[in-house]
Amino acid sequence: MGTVHVIDDDSAVRDVIGILCRSISTPYAEYPSIEAFDQSEGRTQAGCILLDLRLPRLGGLPGVQHICSSYPNHPVIVMSAYATTRTVALSMKAGAVDFFDKPFVSQDLLDSIQQALATSRDAETPPELKIRLELLSSTQRRVMSVLAHGASDDEAAVALSLHKKSIQRHRRSALEKLMLSPGEETKLLGLLDGPSVQGVS
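In this report, the structure presented in the accompanying data block is examined. Here, residues in each chain are numbered from 1, in the same order as that chain's written sequence. Given that the model is predicted, a residue must reach a pLDDT of at least 70 before its local features are reported, and side-chain atom pairs must reach 80 or more before they are shown or counted; all residues, however, enter totals for whole chains, interfaces and linings. Hydrogens and waters are ignored; side-chain quantities use all the structure's heavy atoms.

1. Focus: the overall build of the protein
Point 1. Numbering goes from the N terminus for both helices and strands, where a helix is a DSSP run of H or I of at least four residues and a strand is a run of E of at least two. A count of helices and strands for the protein gives nine helices and five strands.
Point 2. Along the protein, helices and strands appear, N-terminal first, in the series β-α-β-α-β-α-β-α-β-α-α-α-α-α.
Point 3. Taken along its principal axes, the extent of the C-alpha atoms in the protein is 60 × 30 × 30 Å.
Point 4. Here's how the labels work: a residue is buried when its accessible area is under 20% of the maximum for its type, exposed when over 50%, partly exposed in between, all with a 1.4 Å probe on protein chains only. Counting the 201 residues in the protein, one finds 42% classified as buried.
Point 5. Any two residues having at least one pair of non-hydrogen atoms within 4.5 Å are treated as being in contact. When contacts within the protein are restricted to residue pairs at least 6 apart in sequence, those whose partners lie at least 24 apart make up 67%.

2. So, the state of the cysteines
Point 1. Cysteine sulfur atoms are paired as a disulfide whenever they fall within 2.5 Å. A full pass over the atoms with the stated rule returns zero disulfides.
Point 2. In this structure Cys21 is a free cysteine whose sulfur lies 7.5 Å from that of Cys48, the closest cysteine sulfur available.
Point 3. Owing to a relative accessible area of 0%, Cys21 belongs among the buried residues under this scheme.
Point 4. Of all cysteine sulfurs, the one in Cys48 lies closest to Cys68, which takes part in no disulfide; the gap is 12 Å.
Point 5. On the basis of relative accessible area, Cys68 is assigned to the buried category, the value being 13%.

3. Description of the packing of helix H7 (residues 138-148) against helix H8 (residues 153-160)
Point 1. Every angle, taken between N-to-C directions, lies between 0 and 180 degrees, and every axis is a line fitted to C-alpha atoms, over only the stretch in contact when it is a helix. At a minimum axis distance of 10 Å, the contact between H7 and H8 shows a crossing angle of 130 degrees. By the criterion of interaxial angle, the relationship of H7 to H8 is oblique. Of the two elements, H7 crosses H8, and the hand of that crossing is right-handed. Across the interface between the two elements, Arg142, Val143, Val146 and Leu147 of H7 pack against Asp153, Ala156 and Leu160 of H8. Here the angle decides the label: under 35 degrees means roughly parallel, over 145 means roughly antiparallel, 65 to 115 means roughly perpendicular, and every other value means oblique. Should the near helix be turned anticlockwise from the far one by less than a right angle, the crossing is left-handed, and should it be turned clockwise, the crossing is right-handed.

4. Some words on the side chain of His5
Point 1. Mapped onto the secondary structure, His5 falls in strand S1 (residues 3-7).
Point 2. Polar contact criterion, stated in full: a pair of N or O atoms within 3.5 Å, where within protein one must be able to donate a hydrogen and the other to accept it, and residues adjacent in sequence count only if both atoms are side-chain atoms. Here the side chain of His5 touches Tyr31 through a polar contact of 3.1 Å, side chain to side chain.
Point 3. Those residues in contact with His5 that sit more than four places away from it in its chain are Ala29, Tyr31, Phe37, Gly42, Gln45, Ala46, Cys48, Ile49, Leu50 and His74.

5. Some words on the nonpolar core
In summary, soluble globular proteins display a tendency toward joint burial of nonpolar side chains.
Point 1. Working definition of a nonpolar core: buried Ala, Val, Leu, Ile, Met, Phe, Trp, Tyr and Cys residues. They are joined through side-chain atoms within 4.5 Å. Counting residues in each nonpolar core, the largest one holds 21 residues, and the members touching the most others are Leu133, Met144, Ile167, Leu178 and Leu188.
Point 2. Of all elements in the fold, only H7, H8 and helix H9 (164-178) reach the threshold of two or more residues within this core.
Point 3. Per-element tally for this core: the top contributor is H7, with five residues.
Point 4. Apart from the residues within four sequence positions on either side, Met144 is in contact with Arg171, Ala174, Leu175, Glu185, Leu188 and Leu192.

These results come straight from atomic positions and should not be treated as a statement about function.
Written out as structure tokens, the structure is:
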């Protein structure tokens, strides 16, 4: 699962989108300007971008063009309280995948966010990794799913009712099968979600 990056100078809008993201258990990060996003470490995190059209300094169509060209693997959803047919068309031509008038309908925006995240995940995930995932046992998939969300070995052991050494063994074997290095578990976010972590033996 990727991160929803919200670029908007209105803190109230950022707060509302944050609430929506939490309602679907989706991580999000907020930035008051494009410059703040460009300078943040979060810009390297896979996901989608929600971009307000009217921003101080770099904003408007140049802002949309900058974001779409600088972050091609991040689907961009543009928002504006002052949209016109022309600005919508130009934003889409610049590379935006969707456009929302403010105030937006919450469910419609959530649907668009989820679609954008799915598109981002497909773009970020090498086909070879998807194939290698099929080599994992059901227990290894559950272990790696928990670890991909940032759990420590101890926390994973508690969540899955396994011994810590068992977690470490499954982790080591899974990483070998996936040809990943320790610390790259986050690449599996969204790829192993689904089955409950309960009942693993």
